[in-house]
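Letter by letter, the chains look like this.
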2 protein chains.
Amino acid sequence: MAVQTAVQNADSDAADTGAVDLGPAAALSCRECGERFDLGPIFACASCFGPLEVAYDLPSGTPEELKKRIAEGPDNIWRYAPLLPVPADVATKPNINPGFTKLVKADNLARELGVTGSLHIKDDSGNPTHSFKDRVVAIAVEAARAFGFTTLSCSSTGNLAGAVGAAAARAGFRSCVFIPHDLEQGKVVMAAVYGGELVGIEGNYDDVNRFCSELIGDPLGEGWGFVNVNLRPYYGEGSKTLAYEICEQLGWRLPDQIVIPIASGSQLTKIDKGLQELIKLGLVEDKPYKIFGAQAEGCSPVSTAFKAGHDVVRPQKPHTIAKSLAIGNPADGPYVLDIARRTGGAVEDVNDEQIVDAIKLLARTEGIFAETAGGVTVGVTKKLIENGLLDPTLTTVVLNTGDGLKTLDAVAPTTGPTATIRPSLDAFRDAGLATN
Amino acid sequence: MAVQTAVQNADSDAADTGAVDLGPAAALSCRECGERFDLGPIFACASCFGPLEVAYDLPSGTPEELKKRIAEGPDNIWRYAPLLPVPADVATKPNINPGFTKLVKADNLARELGVTGSLHIKDDSGNPTHSFKDRVVAIAVEAARAFGFTTLSCSSTGNLAGAVGAAAARAGFRSCVFIPHDLEQGKVVMAAVYGGELVGIEGNYDDVNRFCSELIGDPLGEGWGFVNVNLRPYYGEGSKTLAYEICEQLGWRLPDQIVIPIASGSQLTKIDKGLQELIKLGLVEDKPYKIFGAQAEGCSPVSTAFKAGHDVVRPQKPHTIAKSLAIGNPADGPYVLDIARRTGGAVEDVNDEQIVDAIKLLARTEGIFAETAGGVTVGVTKKLIENGLLDPTLTTVVLNTGDGLKTLDAVAPTTGPTATIRPSLDAFRDAGLATN
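In the nomenclature of an unreviewed UniProt entry, chain A is known as Threonine synthase of Streptomyces scopuliridis RB72. If you open the UniProt record of chain A and go to Cofactor (unreviewed entry), you find "pyridoxal 5'-phosphate". Its UniProt record gives chain A the following Sequence similarities (unreviewed entry) comment, quoted word for word: "Belongs to the threonine synthase family."

Structural data, given as structure tokens:
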């Protein structure tokens with residue numbers, strides 16, 4: 001029914017005539033049964049209700065030609081336009097232009113963790129609204145444009161609201177974002193400042209989501225692109241750019257190990273998809289790599305299933321400071337289990353105290369102030385080294401997907417001045433800090 | 001006396017033997033009397049107490065050769081190493097690597113402001129700690145390394161503390177940052193999270209500064225590089241990179257007009273210095289450009305002097321929401337007046353309400369959430385167009401030097417949901433927002 005609804009709401013002549021230009025995107029295909037559908041604002045298979053994803057006609061030409069083409073592109077995700085569901089001239093359209101964030105060689109952190117290989121932080125706090133969500137939203141914007149949508153929408157508790165608000169403002173869309181009515185003021189400000197409609201829903205995040213599902217099926221929602229619902233197949237592809245950038249920034253080499261946070265699990269599965277594409281295109285050597293998933297103990301359905309050897313993921317009620325990862329029933333959980341097992345990786349979790357410690361460890365060693373999700377990946381990396389699952393002699397990339405400025409509350413109770421003194425040299429000397 | 005003290009504290013054999021390698025930096029020269037000094041951690045002329053600045057042996061070779069060398073450099077300020085007081089191999093050393101932030105073509109904002117030429121936002125919120133301070137601190141770090149300092153320090157009320165803490169952590173320095181003891185918790189967390197010493201001083205910002213001056217002159221401060229005091233001549237040069245990036249991102253062209261915020265005024269004077277260097281080197285055409293300074297009405301000593309036709313700047317007691325610009329006695333004020341007058345620009349100010357409006361205008365049109373200082377430059381740009389001082393038919397660049405996440409309080413009282421409703425379609429319909 002969701003499919004029917006979504007198709008009815010495709011408010012676009014282009015979609016109706018099949019003239020949608022999303023570059024190399026050839027069709028949508030069902031991840032479960034493989035059935036293919038024309039490109040459109042649909043997200044579930046009409047036959048089996050499985051999730052749809054974008055299928056590509058990948059570019060021809062030699063790897064060297066493609067690398068040259070990429071290198072000559074802009075310093076953002078559009079350099080990979082030949083591998084994304086976007087038109088070839090995407091870089092000329094107004095968009096938030098995220099990506100090409102720093103891959104930081106984390107030598108200080110490596111020393112602390114006993115890593116003798118090379119350790120890198122892929123730091124997505126450098127994106128325009130300081131989280132990886134800018135990547136996925138930027139792709140959803142181009143899909144919305146292609147399908148003739150005029151309003152961008154989402155349900156959100158934080159990062160996504162800001163990313164949608166900012167991208168809609170730049171790209172010339174109306175936006176209407178739905179949030180639980182009792183969010184912290186800081187998050188509300190971040191969601192509202194871009195000037196779109198912001199609607200507080202009297203209820204929790206589940207209520208907000210349920211309301212959005214109703215709205216998609218109603219005439220009120222006509223012309224609306226919900227980035228993470230009816231545009232989800234396109235939106236999700238934005239995470240592939242993390243794989244592309246990591247490999248390009250390593251000199252077109254695959255890392256040996258990647259540690260990725262798990263919320264819905266989509267990011268992890270799309271990074272794997274991106275790596276597979278690079279191998280297929282010959283842009284990187286075809287060699288083994290291991291993918292590790294990272295969760296907070298207070299919301300660890302995938303980690304729990306992995307450790308128990310299960311193929312299915314049993315939902316949990318989240319209770320963790322890592323709110324951006326607090327999805328108790330992750331849609332891509334089973335795919336994450338597949339990938340972790342296929343590549344020889346693992347899924348691990350850390351508790352809230354370990355998350356805070358890891359945020360501070362990363363800040364103290366590399367000067368990167370991560371969101372709680374970054375504390376989860378760094379904390380899990382430490383744990384995986386300690387329990388022997390991650391090889392410290394290899395090349396490892398750890399994702400930081402957000403910015404510490406957005407989750408100040410996590411570290412505030414334990415982060416403050418080392419001393420408070422009167423403004424005098426005597427007082428400073430007495431404080432015992434002046435060890436040159 | 002300040003000079004004597006600073007020289008005594010140069011805890012470095014390199015400095016003593018004159019073997020300091022800071023690339024093309026040849027000497028320090030007095031901006032008032034022109035006297036030259038060997039490179040070292042000094043900041044005031046021994047003869048006339050004027051401020052010292054770095055004098056260069058600029059690179060030889062054709063403009064095309066230099067452009068190629070720059071283009072082949074890293075995607076950060078070190079691509080301009082041949083024009084900065086840093087060693088040639090600077091990019092191989094651990095540093096925070098700021099810069100090469102986005103120059104956003106602001107077509108939506110241009111339409112709102114009636115700009116028919118091209119309008120660009122140089123968005124320094126993309127730096128590692130989300131302000132332009134990362135640029136100046138990164139240069140100070142390399143000077144500190146060259147002079148053998150082991151501790152980085154500063155007095156700060158916000159952005160600078162974070163930039164110093166982060167850079168020190170990455171670069172392997174101890175850090176000790178001094179702040180007024182009663183700062184907002186958010187700012188304290190940002191200053192403390194990088195794990196250096198953070199000392200709250202019982203007093204206001206002036207008391208903190210006075211204390212730091214004492215510390216520089218005391219054996220307790222031996223081996224300490226205060227980025228904005230005894231390393232200030234190097235530190236300040238970091239702002240030149242804004243000029244280089246703007247011109248390179250415009251295709252090696254000078255903008256016609258630049259709007260720059262004024263705190264101490266150093267940033268504006270160094271951007272002018274950078275533009276002059278590019279002209280001298282033949283990297284851009286030698287043509288006129290106008291530099292405009294932007295202040296908050298509640299701290300507008302330079303704007304007041306400009307409008308009154310004065311050459312000197314009378315100190316003011318700051319009272320504005322633009323706290324990162326709230327320097328009542330700006331050291332470079334007279335130089336700013338010179339530059340604004342010489343280039344045919346102006347200095348203008350906007351009040352707090354106009355600052356908030358401008359923050360929201362920029363967010364709503366371009367999806368960029370600026371710090372209050374960005375509200376000042378955008379607000380002043382609007383005012384300069386209205387009063388005919390800025391030509392809307394030309395190419396204009398407006399600086400945003402910081403991130404709205406750091407000054408949420410400025411917009412919070414007037415930024416919130418457009419509606420709060422029950423989770424039902426009827427309630428949504430009744431709210432009157434559903435205009436497709």
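A.B. asks: Got a minute to help me understand the overall build of chain A in this structure?
C.D. replies: Within chain A, the regular secondary structure consists of 17 helices and 14 strands. Against the compact-globule benchmark of 22 Å for 436 residues, chain A has a radius of gyration of 22 Å, which places it among compact chains. Projected onto the principal axes, the alpha-carbon positions of chain A cover approximately 80 × 50 × 45 Å. Taken across its 436 residues, chain A has 64% of its residues classed as buried. A sequence separation of at least 24 residues applies to 71% of the contacts in chain A between residues at least 6 apart. Of the accessible surface of chain A, which amounts to about 15400 Å², a share of 49% is contributed by carbon and sulfur atoms. Here chain A holds 39 positive side-chain charges and 54 negative ones, and the gap between their average locations is 5 Å.

A.B. asks: What is the right way to read the UniProt feature "modified residue: N6-(pyridoxal phosphate)lysine" (unreviewed entry) in chain A from this model?
C.D. replies: Residues and elements named next belong to chain A. Within the UniProt annotation, "modified residue: N6-(pyridoxal phosphate)lysine" (unreviewed entry) is assigned to Lys133. Take Lys133: it is sitting in helix 5 (residues 133-146). Leave out the neighbours within four places in its chain, and Lys133 touches Asn159, Leu160, Ala163 and Tyr235.

A.B. asks: Whenever I open this one, the packing of helix 10 (residues 240-249) of chain A against helix 11 (residues 266-280) of chain A confuses me. Can you help?
C.D. replies: All names here are of chain A. In the contact formed by helix 10 and helix 11, the axes pass within 7 Å of each other and the chain directions differ by 50 degrees. In terms of orientation, helix 10 lies oblique with respect to helix 11. Crossing handedness for the pair helix 10 and helix 11: right-handed. Residues Lys240, Leu242, Ala243, Tyr244 and Cys247 of helix 10 pack against Gln267, Lys270, Ile271, Lys273, Gly274, Leu275, Glu277 and Leu278 of helix 11. Considering only residue class, the contact of helix 10 with helix 11 consists of seven nonpolar, two polar and four charged.

A.B. asks: Mind showing me how you'd approach the pairing of strand 12 (residues 347-350) of chain A here?
C.D. replies: Along any regular strand, the residues point their side chains to alternate faces of the sheet. Residue and element names in this part refer to chain A. Residues Val347 and Asp349 point to one face of strand 12 and Glu348 and Val350 to the other, with burial holding for every one of them. In this sheet, strand 12 lies alongside strand 11 (residues 290-296) in parallel orientation, the contact comprising four bridges. Bridge assignment links Ala296 to a residue of strand 12, and that residue is Val350.

A.B. asks: Before we go on, may I ask you to explain the domain arrangement of chain A in this structure?
C.D. replies: It is common to report an interface's size as the accessible area lost on association of the parts. All names here are of chain A. The domains assigned to chain A are domain 1 (2-60 + 132-235) and domain 2 (103-130 + 238-414). Summarising the inter-unit geometry, the C-alpha centres of domain 1 and domain 2 are found 25 Å apart. Of the residues lining the interface, 24 residues belong to domain 1; the matching set on domain 2 comes to 28 residues. Overall, the association of domain 1 and domain 2 removes approximately 2000 Å² of surface from exposure, summing both partners, and the carbon and sulfur fraction of that is 44%. For the salt bridge of Lys273 with Glu53, the shortest nitrogen-to-oxygen distance reads 3.4 Å. Applying the counting rule to domain 1 against domain 2 returns 15 residue pairs in polar contact (both at pLDDT 80 or more).

A.B. asks: Would you take a moment to explain helix 15 (residues 372-386) of chain B for this structure?
C.D. replies: Because an α-helix packs 3.6 residues into every turn, residues spaced three or four apart end up facing the same way. All names here are of chain B. Here helix 15 contains 15 residues, and its C-alpha end-to-end distance of 21 Å stays within 8% of the 21 Å for a straight helix at 1.5 Å per residue. Burial analysis of helix 15 places 12 of its 15 residues in the buried class, which makes it a mostly covered element. Listed as buried for helix 15 are Thr372, Ala373, Gly374, Gly375, Val376, Thr377, Val378, Gly379, Val380, Thr381, Leu384 and Ile385. Looking one or two places after helix 15, you find Gly388, whose phi comes out positive at around 80 degrees.

A.B. asks: I would appreciate a short explanation of the confidence of the model for chain A in the present structure.
C.D. replies: Parts of the prediction with low pLDDT should not have their coordinates interpreted in detail. This prediction gives chain A a mean pLDDT of 93; 95% of its residues lie at or above 70. Segment residues 1-17 of chain A: pLDDT under 50, and 36 contacts once partners within four positions in sequence are set aside and those in other chains are kept.

A.B. asks: So what exactly am I meant to see when it comes to the interface of chain B and chain A here?
C.D. replies: The interface of chain B with chain A comprises 74 residues on the first partner and 74 residues on the second. Between chain B and chain A, the buried area comes to about 6200 Å², and carbon and sulfur atoms account for 62% of it. Among the residues of chain B in contact with chain A, Arg170, Leu220 and Leu425 of chain B are the three that bury the most area, contributing 10% of the side total. Along the contact surface separating chain B from chain A lie four salt bridges.

A.B. asks: Help me understand the packing of aromatic side chains in this model?
C.D. replies: When we look at a pair of aromatic rings, we describe it by the centre distance and by the angle of the planes. The final tally for this structure, using the stated rule, is 20 aromatic pairs over all chains. Ring geometry for Phe147 of chain B and Tyr234 of chain B: centres 5.3 Å apart, planes at 65 degrees, overall edge-to-face. With Phe147 of chain B in the loop between helix 5 (133-146) and strand 6 (151-155) and Tyr234 of chain B in helix 9 (residues 232-237), this residue pair connects regions lying 87 residues apart in the sequence. A relative accessible area of 0% places Phe147 of chain B in the buried class. Note on Tyr234 of chain B: relative accessible area 0%, which makes it buried. For the ring pair Phe178 of chain B and Phe211 of chain B, a centre distance of 5.2 Å and an interplane angle of 65 degrees mean the geometry is edge-to-face. Of this pair, Phe178 of chain B sits in strand 7 (residues 174-180) while Phe211 of chain B sits in helix 8 (residues 205-216), and the two are 33 residues apart along the sequence. On the accessibility criterion, Phe211 of chain B (0% relative accessible area) is buried. Three or more aromatic residues joined by ring pairs form one cluster here, namely Phe178, Phe211, Trp224 and Phe226 of chain A together with Phe428 of chain B. In this arrangement the basic side chain of Arg31 of chain B is found over the ring face of Tyr335 of chain B, its NZ or CZ atom lying 3.9 Å from the centre.

A.B. asks: How should the relation of the copies chain B and chain A be read in this particular structure?
C.D. replies: Between the two chain copies there is a screw-like relation: a rotation about an axis and a shift along it. At an RMSD of 0.0 Å, chain B and chain A line up after a rotation of 180 degrees and a shift of 0.0 Å along the axis. Taken together, the turn and the small shift mark the pair as related by a two-fold rotation axis. Rotation axis and chain B: the residue whose C-alpha lies nearest the axis is Gly126 of chain B, separated from it by 2.9 Å. A symmetric contact is evident, with 100% of the interface residues of chain B recurring at the interface of chain A.

A.B. asks: Mind showing me how you'd approach the pattern of salt bridges here?
C.D. replies: Note that side chains of opposite charge can pair when their charged atoms are close. Residues and elements named next belong to chain B. According to the stated counting rule, one finds 60 salt bridges over all chains in the structure shown. Residue Arg342 pairs with Asp272 through a salt bridge whose shortest N-O separation is 2.5 Å. Linking Arg342 in helix 13 (residues 333-343) with Asp272 in helix 11 (residues 266-281), this pair joins segments that are 70 residues apart in sequence. A residue is classified by how much of its surface remains accessible, and Asp272, at 5% relative accessible area, is buried. The shortest N-O distance in the salt bridge between Lys383 and Glu348 comes to 3.6 Å.

A.B. asks: What is the right way to look at the side chain of Ser300 of chain B in this model?
C.D. replies: Residues and elements named next belong to chain B. Looking at where Ser300 falls in the secondary structure, it is placed in the loop between strand 11 (290-296) and helix 12 (301-308). Residue classification places Ser300 among the buried positions, given a relative accessible area of 6%. Apart from the residues within four sequence positions on either side, Ser300 is in contact with Gln295, Gln316 and Asp349.

Scoring rules and cut-offs
Residues numbered from 1 in each chain as written. Chains lettered and ligands numbered in written order. Predicted model: local features only at pLDDT ≥ 70, side-chain atom pairs only at ≥ 80, totals over all residues. Heavy atoms only, no water. UniProt positions renumbered as here; feature names shortened; annotations may be inferred. Helix = DSSP H or I, 4+ residues; strand = E, 2+ residues; numbered from the N terminus. Rg over C-alpha atoms; globule rule 2.2 N^0.38 Å. Buried < 20%, exposed > 50% of the residue type's maximum accessible area, 1.4 Å probe, protein only. Contact = heavy atoms within 4.5 Å. Areas by Shrake-Rupley, 256 points an atom, 1.4 Å probe, with all protein chains shown as cover. Lys, Arg positive; Asp, Glu negative; His and termini not counted. Charge placed at Lys NZ, Arg CZ, Asp CG, Glu CD. Axes fitted to C-alpha atoms, helices over the stretch in contact; angles between N-to-C directions. Parallel < 35°, antiparallel > 145°, perpendicular 65-115°, else oblique. Left-handed = near helix turned anticlockwise from the far one by under 90°. Nonpolar A, V, L, I, M, F, W, Y, C, P; charged D, E, K, R; others polar. Pairing = 2+ DSSP bridges. Domains from an automatic or database assignment. Buried area = accessible area lost by both parts, 1.4 Å probe. Salt bridge = Lys/Arg side-chain N within 4 Å of Asp/Glu carboxyl O. Polar contact = N/O pair within 3.5 Å; in protein donor to acceptor, adjacent residues only side chain to side chain. Expected span 1.5 Å × (residues − 1). pLDDT = per-residue confidence, 0-100. Phe/Tyr/Trp six-rings, centres within 6.5 Å; stacked < 30°, edge-to-face > 60°. Lys NZ or Arg CZ within 6 Å of the ring centre and 35° of its normal. Least-squares fit on C-alpha atoms with pLDDT ≥ 70 in both.

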